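# Coordinate inspection notes
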Amino acid sequence: MRSLGKNIDSLNDILTTCKKAPDITVISEFRLNDSNRVNTSLPGYRFIAENSPTNAGGVGMYIEENTNFVRRSDIEFNIDGIETYFIEIPRPKRKNIANGCIYGHPSSQLEHFHNIINDELEYLNRSGFETEIAGDININFLKYATDKKHFKLS
């Protein structure tokens, strides 16, 4: 997002031009804190979020106002340079959805992140969740074969 305050009108334009607006829109790096709160409202949505301890992060979601959900702070993992926000959407007679937002600061410790996200996904799978995760972890997966900084290459 690179600043929700500067880009909320563009986000609203995108959502209103969709044939069917998404039930959930994940937002990372929105750069809000208690001292620079801006209008975050969009018609038909609730905004839920966790501000960043830094000036550059923040993770949250716009959720369609009729969607039932529960925040799942017990499955969030916020470590040095990584911010997360998770919710659970109950669905009768089907798997519940664990929906998460992740922001990885460019200087985050990715080896530690890889271990935690692997454990997290295994837990969610064993627990019977359908899992949807989005966000920005500042890794270019198109450079997987050559990026020694982000990927362990043998």
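Above this text sits the structure in question.
Here's what I pulled together on the structure shown here.

### Re the pairing of strand 1 (residues 24–28)
The buried fraction of strand 1 amounts to four of the five residues, a majority that puts the element mostly inside the structure. Bridge analysis of strand 1 against strand 3 (residues 59–64) gives five bridges, and the strand direction is antiparallel. Residue pairing in the sheet places Ile-24 in a bridge with Ile-63 of strand 3.

### Some words on the side chain of Ser-52
Within the secondary structure, Ser-52 is located in the loop between strand 2 (45–50) and strand 3. Note on Ser-52: relative accessible area 8%, which makes it buried. Here the side chain of Ser-52 touches Glu-83 through a polar contact of 2.6 Å, side chain to side chain.

### Remarks on the nonpolar core
Phe-77, Ile-102, Phe-113 and Leu-124 are the most contacted members of the largest nonpolar core, which has 14 residues in total. Elements supplying a minimum of two residues to this core: strand 5 (82–89), strand 6 (97–104) and helix 2 (110–126).

### What to know about the environment of Asp-23
Position of Asp-23 among the secondary structure elements: in the loop between helix 1 (4–17) and strand 1. Among the residues examined, Asp-23 registers a relative accessible area of 40% and is labelled partly exposed. Sequence separation of Asp-23 and Glu-64 is 41 residues, and the distance between their C-alpha atoms is 4.9 Å. For Asp-23, the residues in contact, after removing those within four places along its chain, are Tyr-45, Tyr-62, Ile-63, Glu-64 and Thr-67.

### Details of the packing of aromatic side chains
What the rule picks out here adds up to four aromatic pairs. Each ring, one from Phe-47 and one from Tyr-62, has its centre 4.7 Å from the other, and the planes form 35°; the classification is tilted. Placement of Phe-47 in strand 2 and of Tyr-62 in strand 3 is noted, with a sequence separation of 15 residues between them. Summarising the aromatic geometry, the rings of Phe-77 and Phe-113 are spaced 6.3 Å apart at their centres and angled 35° between planes, so their arrangement reads as tilted. On the criterion of sequence distance, the pair formed by Phe-77 in the loop between strand 4 (70–71) and strand 5 and Phe-113 in helix 2 is long-range, its members being 36 residues apart. Put simply, the rings of Phe-30, Tyr-45, Phe-47 and Tyr-62 touch in pairs and so form one group of aromatic residues.

### With respect to helix 2
Its 17 residues give helix 2 an end-to-end C-alpha distance of 24 Å, which sits within 8% of 24 Å, the value for a rise of 1.5 Å per residue. Those residues of helix 2 that fall on the buried side of the exposure criterion are Leu-110, Phe-113, Ile-116, Ile-117, Glu-120 and Leu-124. Down the axis of helix 2, the buried set is contained in an arc of 120°. They therefore lie on one face. Turned more than 90 degrees away from the buried face of helix 2 sit Asn-125 and Arg-126, all of them exposed.

### A closer look at unusual backbone geometry
With a phi close to 50°, Arg-2 is a non-glycine residue in the positive phi region. Examined against the element boundaries, Arg-2 turns out to sit in the segment before helix 1. Residue Glu-29 is not a glycine yet carries a positive backbone phi of 55°. In this structure, Glu-29 sits in the loop between strand 1 and strand 2. The buried category is assigned to Glu-29, whose relative accessible area is 7%.

### Quick notes on the sheet that holds strand 2
Strand pairing in a sheet takes place through backbone hydrogen bonds and is either antiparallel or parallel in direction. Spatially, 1-3-2 is the arrangement adopted by the three strands of the open sheet, whose pairing is antiparallel. Edge positions in the sheet fall to strand 1 and strand 2, since each of these pairs with one other strand and no more. Averaged over all pairs of adjacent strands, the angle between their axes in this sheet comes to 15°, without regard to strand direction. Summarising the sheet, strand 2 and strand 3 pair through six bridges and their orientation is antiparallel. Bridge pairing links Arg-46 to Ile-63 in strand 3.

Each value, and the rule that gives it
- Residues numbered from 1 in each chain as written.
- Predicted model: local features only at pLDDT ≥ 70, side-chain atom pairs only at ≥ 80, totals over all residues.
- Heavy atoms only, no water.
- Buried < 20%, exposed > 50% of the residue type's maximum accessible area, 1.4 Å probe, protein only.
- Helix = DSSP H or I, 4+ residues; strand = E, 2+ residues; numbered from the N terminus.
- Pairing = 2+ DSSP bridges.
- Polar contact = N/O pair within 3.5 Å; in protein donor to acceptor, adjacent residues only side chain to side chain.
- Core = buried A, V, L, I, M, F, W, Y, C linked by side-chain atoms within 4.5 Å.
- Contact = heavy atoms within 4.5 Å.
- Phe/Tyr/Trp six-rings, centres within 6.5 Å; stacked < 30°, edge-to-face > 60°.
- Expected span 1.5 Å × (residues − 1).
- Arc of directions from axis to C-beta.
- Axes fitted to C-alpha atoms, helices over the stretch in contact; angles between N-to-C directions.

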